[in-house]
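Close look at the chain arrangement
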Amino acid sequence: LEKVTLQLNGYHQFQYAGYYAALEQGYYSEAGLDVAIVEFKMGIDPVIDVYSGKAEFGVSNSSLLLARAANKPVVALAAIGQHSANVLFGQPRGKEQKEQKEQGMQALTGKRIMLDTQADSVLALLANEGMAGQFVELTHSYDPQDLIKGKVDAMSGSLLNELYFFERAKFPAHIYAPRDAGIDFYGDVLFTSEHMVSGEGDKVRAFRAASLRGWQYAMAHQSEMVDLIRNKYAQRLDRDHLLFQGRQMQALMDLDSTEIGNQTAARWLAIGAAYLGMGKLEQVPSIDGFIFDPTPPPKKAGPDYKLLALIAAGALLIVLFLLVTFRLTRAQFALRIEKQRQEALQEQLRANEERYRGLFISMDNGFALNEIICDNDGKPIDYRFIEVNPAFEKVSGMPREKLIGKRAKEVLQSGDDDWLEQFGSVALTGQPKRYEKFSQKTCRWFATDSYSPAPGKFAVVTQEITERKQMEIALTKANIELRDKYEEISRLQEKLREQAVRDPLTGLHNRRYLDETLQRELARAKRESYTLCVILIDLDFFKKVNDTYGHLAGDEVLKAFARLLHDHARAGDVACRYGGEEFMLMLPKMPTETAIERANVLREKFAATKVPFGEAEISTTLSIGIAIFPQHGGNPDELTNNADQALYVAKSEGRNRAIVFDPGRPPAIHG
Ligand SMILES: Nc1nc2c(ncn2[C@@H]2O[C@H](COP(=O)(O)OP(=O)(O)OP(=O)(O)O)[C@@H](O)[C@H]2O)c(=O)[nH]1
């Protein structure tokens, strides 16, 4: 006999009678197994023990699906309890309350409830009834007296145990059964590990079959089982209680209508969906490989010559009969598997559909599915609403009933042909589009994403973006204002820069500009080896002009000379007012003779100029000093000083003349 362990998820009681019977009746040993039935102990988790290999088999409940969803390699062998024994017991209901049946669980709002966190079906019931967080949850004392004495208003408990105490105390507790609300969890589930199924499939099949046989026996001999439990296993519960458990198990196993151990994909998926509703699962898990298939795999044909001889000797008819039967069975089996697969798929589909429906209803964005309507030439002329969500009703300001099946032009009256053009292109080309638009009717901005789920159809997801748009518009305005300001500041700065280097009276460059430019030009002339001519010009007897005609007249003369200077300057020349009635002309790349020539042309033209001022016509002359780089100096100071010295010579020699610097030519002594 091979030793295997069955780990129970509770203390010895009638709940496990089938396994005791299988052992006692020798079904396990007939199957070649020496089974140790191990009672539950604090800290033990049968699921962990089984998938870790500590025990070969275990008893769990519907929460086995949660372990599976968490990728624990467990396989459900048989559902012994077709329904969970867990219910919520409440205070007995008076006559009046009984009549108000429809009030249901809402009666527990704000009440004190003791909950066992393992009682998943009860938790699912509370979640389903919208009671989560609506009551005061207390730690479970597991003492039925607490309900009887009214210390609490309700407590989760089992139809196998707590109910027995309530009945014995003649306490007609009100039962809130998850099953009544359509939440139908499996009770006890016999299970093993994937490792066992793939490696020792025959052992698993034999153990399962012997266990189910044991259950058959136990349910047919309940009183005998009670004695067996009390004699061999535990005496915690009295005979009466164990017999009560037997009767309750009979009901929970659906013995009249269900084969012992039967489990279906559809039921497991429904349990998965309930866990989803409670938030214990994020999606209904695939149950592929989770439900054990007890059908033995086809045996490998061994060379059983005796049997072969016998068959060979047998009638052809029997062979044919077997063949037909086999085919039929196989077809039936395939059909059953297919049906289960279909059921599972449908269940999954339904669960998904519910999820998406929930999303569709609760999403903040308006959603509408539509069908485009075209004229005979295939040009979009309107569209029809197929489906809309509540957010769309809000955005459009139209209730669903007024939209579904209706044409847009009929119900929206927006006269907005732009939309139609956009939607038509999406529906007919299949190219998704996004656009933002201002609705004149509602004075709001909307962003619309549209795509085509099928030819001729288009879905629209609309989002109000008025706030964002207003901010964008304000931002653009602020940006434009900022840019204008910046440009104005730049203009002013440029003006200031210009003013800083210009003489306000004559508009010529000032001395500051000249200092910078002379430095730069001189450096360039040195680098590129060309000459640079500096011509210093001073108006003769200007003080006299001022004294005779007044300062304003003097100003006019200065301006007239500046104009002349400006008009005679060529590209590359730099003319500036050097100070008072002194001017300077800088001529790069100019031979000395040409420079003298130009200075004299200027001098002669100015001498011939008559500046009108009131009745008078003022004329005066110029004295000019010339210095040339490199002959007369290598730096600005030297050059200007020498030009100044030449000017001084011009003044001293009688004015109205241009003199080139000559170190050997001192100014005349007379003045
Ligand atoms: N109207 C006017 N006069 C100015 C300005 N700047 C300087 N002056 C005058 O120019 C005159 C210069 O006189 P001086 O330096 O004695 O020279 P000058 O009378 O021209 O005699 P020479 O240079 O020796 O021929 C002074 O009377 C200054 O007041 C100005 O911007 N406008």
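Above: the structure in question.
Residues numbered from 1 in each chain as written. Predicted model: local features only at pLDDT ≥ 70, side-chain atom pairs only at ≥ 80, totals over all residues. Heavy atoms only, no water.

1. Focus on the overall build of the chain
Here is the rule we go by: Put simply, DSSP marks the helices as runs of H or I at least four residues long and the strands as runs of E at least two long, and each gets a number from the N terminus on. With a 1.4 Å probe rolled over the protein chains alone, any residue whose accessible area is under 20% of its type maximum counts as buried; one over 50% counts as exposed, and the rest are partly exposed. Any two residues having at least one pair of non-hydrogen atoms within 4.5 Å are treated as being in contact. Accessibility throughout is a Shrake-Rupley quantity obtained with a 1.4 Å probe, and a residue counts as covered only by protein chains that appear here.
For the chain, the helix and strand inventory stands at 25 helices and 22 strands. Looking at the chain as a whole, 43% of its 671 residues are labelled buried. Partitioning the contacts of the chain with sequence separation of at least 6, the portion at a separation of at least 24 is 70%. Approximately 37,100 Å² of the chain is accessible, and the part contributed by carbon and sulfur atoms is 53%.

2. Some words on the nonpolar core
Across soluble globular proteins, nonpolar side chains have a tendency to be buried as a group. For clarity, the threshold we go by: Residues grouped as a nonpolar core are buried Ala, Val, Leu, Ile, Met, Phe, Trp, Tyr and Cys residues, joined through side-chain atoms within 4.5 Å.
If you look at the biggest cluster of nonpolar residues, it comprises 58 residues, and the most contacted ones within it are Leu6, Phe14, Tyr19, Ile80 and Trp215. Beyond its immediate sequence surroundings of up to four residues, Ile80 is in contact with Tyr19, Asp188, Leu212, Trp215, Met249, Met253, Ile260 and Gly261.

3. Notes on the side chain of Ser62
Let me state the cut-off plainly: Two N or O atoms form a polar contact when they lie within 3.5 Å of each other; inside protein one atom must be a possible hydrogen donor and the other a possible acceptor, and for residues adjacent in sequence the pair counts only when both atoms belong to side chains.
Structurally, Ser62 is set in the loop between strand S3 (57–60) and helix H4 (64–69). For Ser62, the side chain forms a polar contact with the main-chain nitrogen of Tyr186, separated by 2.8 Å. Apart from the residues lying within four places of it in its own chain, the contact partners of Ser62 are Phe185, Tyr186, Gly187, Val189, Trp268, Ile271 and Tyr275.

4. Side note on the site of the ligand
Spelled out, the test is: It suffices for a single heavy atom of a residue to lie within 4 Å of a molecule or strand for the residue to be listed as near it. Under the convention adopted here, Pro, Cys and the residues Ala, Val, Leu, Ile, Met, Phe, Trp and Tyr are nonpolar, Asp, Glu, Lys and Arg are charged, and Gly plus all remaining residues are polar.
Around the ligand lies a shell of 16 residues, among which Phe541, Phe542, Lys543, Asn546 and Asp555 are the nearest. At 3.2 Å, a backbone N or O of Leu539 approaches an oxygen atom of the ligand. At a separation of 2.9 Å, an oxygen atom of the ligand approaches a polar side-chain atom of Arg655. Considering the ligand on its own, with 660 Å² of exposed area, one finds that the protein chains cover 67% of that surface. Looking at the shell around the ligand, the elements that each hand over two or more residues are strand S16 (532–539), helix H22 (542–549) and helix H23 (551–568). Broken down by element, the residue count for the shell around the ligand peaks at 4 residues, all from H23. For the shell around the ligand, the per-class residue count stands at 4 nonpolar, 4 polar and 8 charged.

5. Focus: the packing of aromatic side chains
Note the cut-off: Two aromatic rings from Phe, Tyr or Trp, using only the six-membered ring of Trp, form a pair when their centres are within 6.5 Å; if the ring planes differ by under 30 degrees the pair is stacked, by over 60 it is edge-to-face, and anything between is tilted. By the criterion adopted, a ring carries a charge over it if an Arg CZ or a Lys NZ lies within 6 Å of its centre and within 35 degrees of its normal.
As enumerated under the stated definition, the model contains 22 aromatic pairs in all. The interplanar angle of 5 degrees and the centroid separation of 5.1 Å between the aromatic rings of Tyr28 and Phe207 together place this pair among those described as stacked. A residue pair is termed long-range when its members are at least 10 positions apart, and Tyr28 in helix H2 (residues 27–30) and Phe207 in helix H10 (residues 201–220) qualify at 179 residues. Plain terms: the ring middles of Tyr186 and Trp268 are 5.1 Å apart, the flat faces sit at 65 degrees to each other, and that makes the pair edge-to-face. Taken together, the positions of Tyr186 in the loop between strand S9 (174–176) and strand S10 (189–193) and Trp268 in helix H13 (residues 265–278) put the pair 82 residues apart, joining distant regions of the chain. Comparing Tyr186 with Trp268, the two get one shared label, buried. Through a chain of ring-to-ring contacts, the aromatic side chains of Tyr383, Phe385, Phe392, Phe423, Tyr435 and Phe458 assemble into a single cluster. Sitting over the ring of Trp445, Lys469 keeps its end group 4.8 Å from the ring centre.

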